[in-house]
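Architecture at a glance
The lines below spell out each chain.
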Amino acid sequence: MIRIDNLPEIFVKAMPVLRTLEDAGFEAYFVGGSVRDVLLHRHVHDVDITTSAYPEEVKELFDKSIDTGIKHGTVTVLYGGESYEITTFRTESGYQDFRRPDHVTFVQNLDEDLKRRDFTINALAMDMHGDIVDLFNGIEDLKNHIIRAVGNPEKRFHEDALRMMRAVRFMSQLEFKLEEKTEQAIKDNHELLKKISVERIREEFVKMGLGPFSRQAFQIFLDTQLSEDVPDFAGKKDLLQVYPQLKFSPTMETSLWAVIIILLKVSNENIGKFMRDWKNSNAMTEKVEQIIKMFDLIADHVPTDYELFEAGEDIIINTIDVADILGQPVSSEALVDRYLALPIKTPSELAVDGRFLIKRGMRPGAQLGRTLNQIRKKVVACEIENSEEAIEQYLDDLD
Ligand SMILES: Nc1ccn([C@@H]2O[C@H](COP(=O)(O)OP(=O)(O)OP(=O)(O)O)[C@@H](O)[C@H]2O)c(=O)n1
Ligand SMILES: [Mg+2]
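Residues numbered from 1 in each chain as written. Chains lettered and ligands numbered in written order. Predicted model: local features only at pLDDT ≥ 70, side-chain atom pairs only at ≥ 80, totals over all residues. Heavy atoms only, no water.

1. A closer look at the layout of surface pockets
The volume enclosed by the largest pocket comes to roughly 1,300 Å³. Asp48, Glu85, Arg116, Arg117 and Arg166 are the residues nearest the centre of the largest pocket, which is lined by 38 residues in total. For the lining of the largest pocket, the elements supplying multiple residues, two or more each, are helix 2 (33–39), strand 2 (48–51), strand 3 (64–69), strand 5 (82–88), strand 6 (90–93), helix 7 (162–174) and helix 9 (198–210). Per-element accounting of the lining of the largest pocket gives the leading share, six residues, to helix 7. For the lining of the largest pocket, a count of residues per class yields five nonpolar, twelve polar and 21 charged. Residue contributions to the lining of the largest pocket reach at least three from each of two domains, namely domain 1 (1–141) and domain 2 (145–245). (1 Å grid on protein atoms, 1.4 Å probe; cavity = no way out; pocket = protein on both sides within 12 Å on 5 of 7 lines; lining within 4 Å. Points joined across faces, edges and corners; volume = space filled by probe spheres on them. Helix = DSSP H or I, 4+ residues; strand = E, 2+ residues; numbered from the N terminus. Nonpolar A, V, L, I, M, F, W, Y, C, P; charged D, E, K, R; others polar. Domains from an automatic or database assignment.)

Okay, structure coming up:
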């Protein structure tokens with residue numbers, strides 16, 4: 001049995017939760033991603049707990065809890081300023097729609113619970129003393145960098161088809177390879193992904209895209225045909241095949257979407273639809289649209305000062321990032337330096353606003369907007385100084 005000494009602080013903080021359950025006569029373990037990540041010496045972002053206690057019993061032991069998914073056996077316990085998902089040992093049965101179990105069955109031992117988990121590297125548990133429970137050689141697979149379904153891969157993917165996306169997402173995050181039978185089962189069952197909600201697919205797709213090894217994972221995403229069953233990718237393999245050859249892996253979600261849209265040659269009018277098909281937020285869609293507009297602009301000509309001003313720092317940096325990923329040379333320092341040298345960098349930095357113009361006797365309306373625009377352009381172009389006096393003088397000369 002492997003024991004981990006010197007557990008990271010996040011586990012130490014959670015120990016009293018395990019102890020409370022154990023002292024009440026229940027079994028309790030850390031499980032899933034946290035155990036995997038501590039063994040890989042990766043940062044552990046949260047710890048999930050699995051226990052023999054029923055949800056009602058868990059709730060009785062702690063002052064503050066939330067019924068997160070009580071039907072599925074999950075209670076969130078608030079303890080020491082942190083929150084912990086505590087799930088009762090369970091199996092899943094009756095997967096009618098390849099998504100979520102129709103009903104869960106609580107079971108009395110950890111083994112049964114670990115058996116229904118997706119991959120051997122995620123089916124590890126750790127007790128209060130740091131002792132690891134490893135029923136499926138997950139530790140060996142961690143050492144060999146292998147993603148292997150627990151037991152029969154077909155069954156695991158029929159239970160929850162999203163697991164096929166999780167497989168390529170872990171490849172990207174961890175630089176792991178797929179075990180042969182697991183990969184074959186994905187090839188044979190990729191169509192099940194069609195049953196999964198786009199929101200859940202998007203979450204895994206973005207995690208894959210932002211993982212440090214996304215180019216390798218993307219190749220498997222294409223080879224297994226998973227790409228045929230996500231929004232707007234079907235039949236576009238030859239275009240998407242460029243992704244594994246990209247210069248860098250994206251590190252920002254906006255860049256990921258922009259790169260994909262550019263590779264797919266989505267027309268400007270259709271970017272909104274593409275982003276909506278993937279259930280992206282309006283804010284994300286707008287930003288990606290602006291990045292692509294700037295990307296096209298830079299490809300066409302050297303941007304003017306006013307175009308840099310209109311884009312703003314965030315979009316400029318994002319656009320440079322996208323160009324870098326695609327291996328398209330832009331003089332990024334020059335663009336950023338020029339932007340930083342602008343007399344004003346955002347509309348709100350203009351020394352005057354609409355009220356100023358109204359005080360001067362202008363009426364609210366379209367003309368006022370046009371005049372403000374004109375002033376802004378002159379200020380950005382350094383034709384007028386950004387001060388009330390200089391702008392006043394300019395307007396006086398116009399009258
Ligand atoms: N479709 C799924 C989702 C989750 N799990 C199990 O539930 C655990 C927790 O799930 P989740 O937090 O979604 O993933 P993690 O593996 O913890 O990865 P991350 O670090 O991204 O949270 C997994 O480790 C795995 O044991 C599973 O078997 N099948
Ligand atoms: Mg997790």
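2. A few points about the site of ligand 1
The full set close to ligand 1 counts 14 residues, and Arg36, His45, Asp118, Arg163 and Arg169 are the nearest of them. Between ligand 1 and Arg36, the relevant distance is 2.8 Å, taken from an oxygen atom to a side-chain nitrogen or oxygen of the residue. In the environment of ligand 1, an oxygen atom lies 2.9 Å from a nitrogen or oxygen atom belonging to the backbone of Asn122. Burial of ligand 1 by the protein amounts to 79% of the accessible area it has alone, namely 560 Å². Because more than half of its atoms lie within 2 Å of the grid, ligand 1 is assigned to the largest pocket. Looking at the shell around ligand 1, the elements with two or more residues in it are helix 2 and helix 7. (Near = heavy atom within 4 Å. Polar contact = N/O pair within 3.5 Å; in protein donor to acceptor, adjacent residues only side chain to side chain. Areas by Shrake-Rupley, 256 points an atom, 1.4 Å probe, with all protein chains shown as cover. Sits in = over half its atoms within 2 Å of the grid points.)

3. Looking at the UniProt feature "binding site: Mg(2+)" (unreviewed entry) in the chain
The UniProt record annotates "binding site: Mg(2+)" (unreviewed entry) at Asp46 and Asp48. Cross-referencing the annotated residues with the largest pocket identifies Asp46 and Asp48 as lining it. In contact with Asp46, not counting residues within four places along its chain, are Ile10 and Ser34. Relative to the assigned elements, Asp48 resides in strand 2. (UniProt positions renumbered as here; feature names shortened; annotations may be inferred. Contact = heavy atoms within 4.5 Å.)

4. Considerations on the pattern of salt bridges
The tally for this structure, following the rule as stated, stands at 24 salt bridges. Among the salt bridges present, the one from Asp113 reaches Arg117, with a minimum N-O distance of 2.9 Å. The class for Asp113 is buried, based on a relative accessible area of 0%. When its relative accessible area of 13% is taken as the criterion, Arg117 is described as buried. Here the residues in one salt-bridge network are Arg36, Asp37 and Arg42, joined through shared partners. (Salt bridge = Lys/Arg side-chain N within 4 Å of Asp/Glu carboxyl O. Buried < 20%, exposed > 50% of the residue type's maximum accessible area, 1.4 Å probe, protein only.)

5. With respect to the domain arrangement of the chain
Accessible area lost on assembly of the parts is the figure often given for the size of an interface. You can read the domains of the chain as domain 1 (1–141), domain 2 (145–245), domain 3 (248–342) and domain 4 (349–398). Each of domain 2 and domain 4 was reduced to a C-alpha centroid, and the two centroids are 55 Å apart.

6. Brief notes about the pairing of strand 5
Taken together, the four bridges between strand 2 and strand 5 define a ladder with parallel strand orientation. Residue pairing for strand 5: Thr51 is matched across the bridge by Thr88. Two elements, strand 4 (residues 74–79) and strand 5, share six bridges in a ladder whose sense is antiparallel. Among the inter-strand pairings, Leu78 is bridged to a residue of strand 5, identified as Ser83. The antiparallel pairing of strand 4 with strand 5 creates a hairpin that spans two residues between the two strands, and Gly80 there sits at a positive phi of about 55 degrees. (Pairing = 2+ DSSP bridges.)

7. Details of the packing of helix 12 (residues 253–263) against helix 15 (residues 305–325)
Any two packed helices are characterised by how steeply their axes cross, that is the angle between the axes, and by the distance between the axes. Running from N to C, helix 12 and helix 15 point in directions that differ by 55 degrees, and their axes come no closer than 9 Å. Comparing the axis directions of helix 12 and helix 15 gives the class oblique. Note that helix 12 runs across helix 15; the crossing there is right-handed. Where helix 12 approaches helix 15, its residues Thr254, Ser255, Ala258, Val259 and Ile262 are matched on the opposing element by Asn318, Asp321, Val322 and Ile325. Classifying every residue of the contact of helix 12 with helix 15 by side-chain character gives five nonpolar, three polar and one charged. (Axes fitted to C-alpha atoms, helices over the stretch in contact; angles between N-to-C directions. Parallel < 35°, antiparallel > 145°, perpendicular 65-115°, else oblique. Left-handed = near helix turned anticlockwise from the far one by under 90°.)

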